[in-house]
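Structural description and commentary
Each chain, written out:
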Amino acid sequence: MTTAKKTTTTRKAKSSTSTRKSPARKPRTVAVKKKELPPNPLVSEILEAVDSERVKAKKLDLLQKHATDGLKTIFIWNFDETVVSLLPDGTVPYQPLDGNQQADPSKGMPQRTTINASANKFFNFVKGGNDAMNKIKREGMFINMLEQLHPTEAEILILTKDKALGSKYNITKELVSEAYPDIRWGGRS
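Below is a short write-up of the structure. These numbers come from a predicted model, not from an experiment.

**Section: the nonpolar core**
Leu47, Phe75, Trp77, Phe122, Leu146, Leu157 and Ile171 are the most contacted members of the largest nonpolar core, which totals 41 residues. For this core, the secondary-structure elements that each account for two or more residues are helix H1 (43-52), helix H2 (56-65), helix H3 (69-79), helix H5 (135-148), helix H6 (151-161) and helix H7 (173-179). Looking at which element gives the most residues to this core, the answer is H3, with six residues. Apart from the residues lying within four places of it in its own chain, the contact partners of Ile171 are Leu47, Val50, Phe75, Phe79, Gly166 and Val176.

**Some details on unusual backbone geometry**
The phi torsion at Lys163 lies on the positive side, around 55 degrees, for a residue other than glycine. Here Lys163 falls in the partly exposed class, since its relative accessible area comes to 34%.

**Focus on the packing of aromatic side chains**
Taken as a whole and judged by the stated rule, the model has five aromatic pairs. A centroid spacing of 6.3 Å and a plane angle of 35 degrees characterise the contact between Phe75 and Tyr180, whose relative ring orientation is tilted. Of this pair, Phe75 sits in helix H3 while Tyr180 sits in the segment after H7, and the two are 105 residues apart along the sequence. Judged by its relative accessible area of 0%, Phe75 falls in the buried class. When the ring of Trp77 is compared with that of Phe125, the centres are 6.3 Å apart and the planes differ by 10 degrees; the resulting orientation is stacked. Separated by 48 residues along the polypeptide, Trp77 in helix H3 and Phe125 in the loop between helix H4 (115-118) and H5 bring together distant segments of the chain. This pair shows no difference in class: Trp77 is buried, exactly as Phe125 is. An aromatic cluster is defined as three or more aromatic residues linked by ring pairs; in this entry it consists of Trp77, Phe122, Phe125 and Phe142.

**Observations regarding the packing of H1 against H2**
Their axes nearest at 8 Å, the elements H1 and H2 cross at an angle of 165 degrees. Relative to H2, the element H1 lies roughly antiparallel. For the element pair H1 and H2, the recorded crossing hand is right-handed. Contacts from Ala49, Val50 and Asp51 in H1 reach Lys59, Leu62 and Leu63 in H2. The class makeup of the residues in the contact of H1 with H2 is four nonpolar, no polar and two charged.

Thresholds applied
- Residues numbered from 1 in each chain as written.
- Predicted model: local features only at pLDDT ≥ 70, side-chain atom pairs only at ≥ 80, totals over all residues.
- Heavy atoms only, no water.
- Core = buried A, V, L, I, M, F, W, Y, C linked by side-chain atoms within 4.5 Å.
- Buried < 20%, exposed > 50% of the residue type's maximum accessible area, 1.4 Å probe, protein only.
- Helix = DSSP H or I, 4+ residues; strand = E, 2+ residues; numbered from the N terminus.
- Contact = heavy atoms within 4.5 Å.
- Phe/Tyr/Trp six-rings, centres within 6.5 Å; stacked < 30°, edge-to-face > 60°.
- Axes fitted to C-alpha atoms, helices over the stretch in contact; angles between N-to-C directions.
- Parallel < 35°, antiparallel > 145°, perpendicular 65-115°, else oblique.
- Left-handed = near helix turned anticlockwise from the far one by under 90°.
- Nonpolar A, V, L, I, M, F, W, Y, C, P; charged D, E, K, R; others polar.

Here you go:
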């Protein structure tokens, strides 16, 4: 009688270091949803939206869609070399209000305003606008205006007086000129 030997075979587990190459993966792209602007946006919201766009045509479209006198005045004050600011350069000693704080004149909190609503007073801060105004009164008026603005709008006004808007936002004079061909550059002082 023959006895058959039982043989057991064990399979070796595949090692984790395979020599097979995995298919090349494409870099993962994440779609960033752009923030929609409210119906009556602040100048700061418009500038942030324009800055976040990468395509020039979209930047132009945003600027043209949200054109206001206040926005154009900011651009003229910042980019026109003939507009000379009568305010001192650098930081401004003012107390910004909390962005969510409500105005309450009885508690000494001033009424809120925007750049668009205040644009008609900007002539007081540049040469040729209201040169008869006392320097201290001019600076006090500017500080009061900053304290009534939303903190992001106050920052824009400070950058504009120093002609430094381009240091924060990727917006150039050429872009503004293309968006607003009605702006006449030069000959203001």
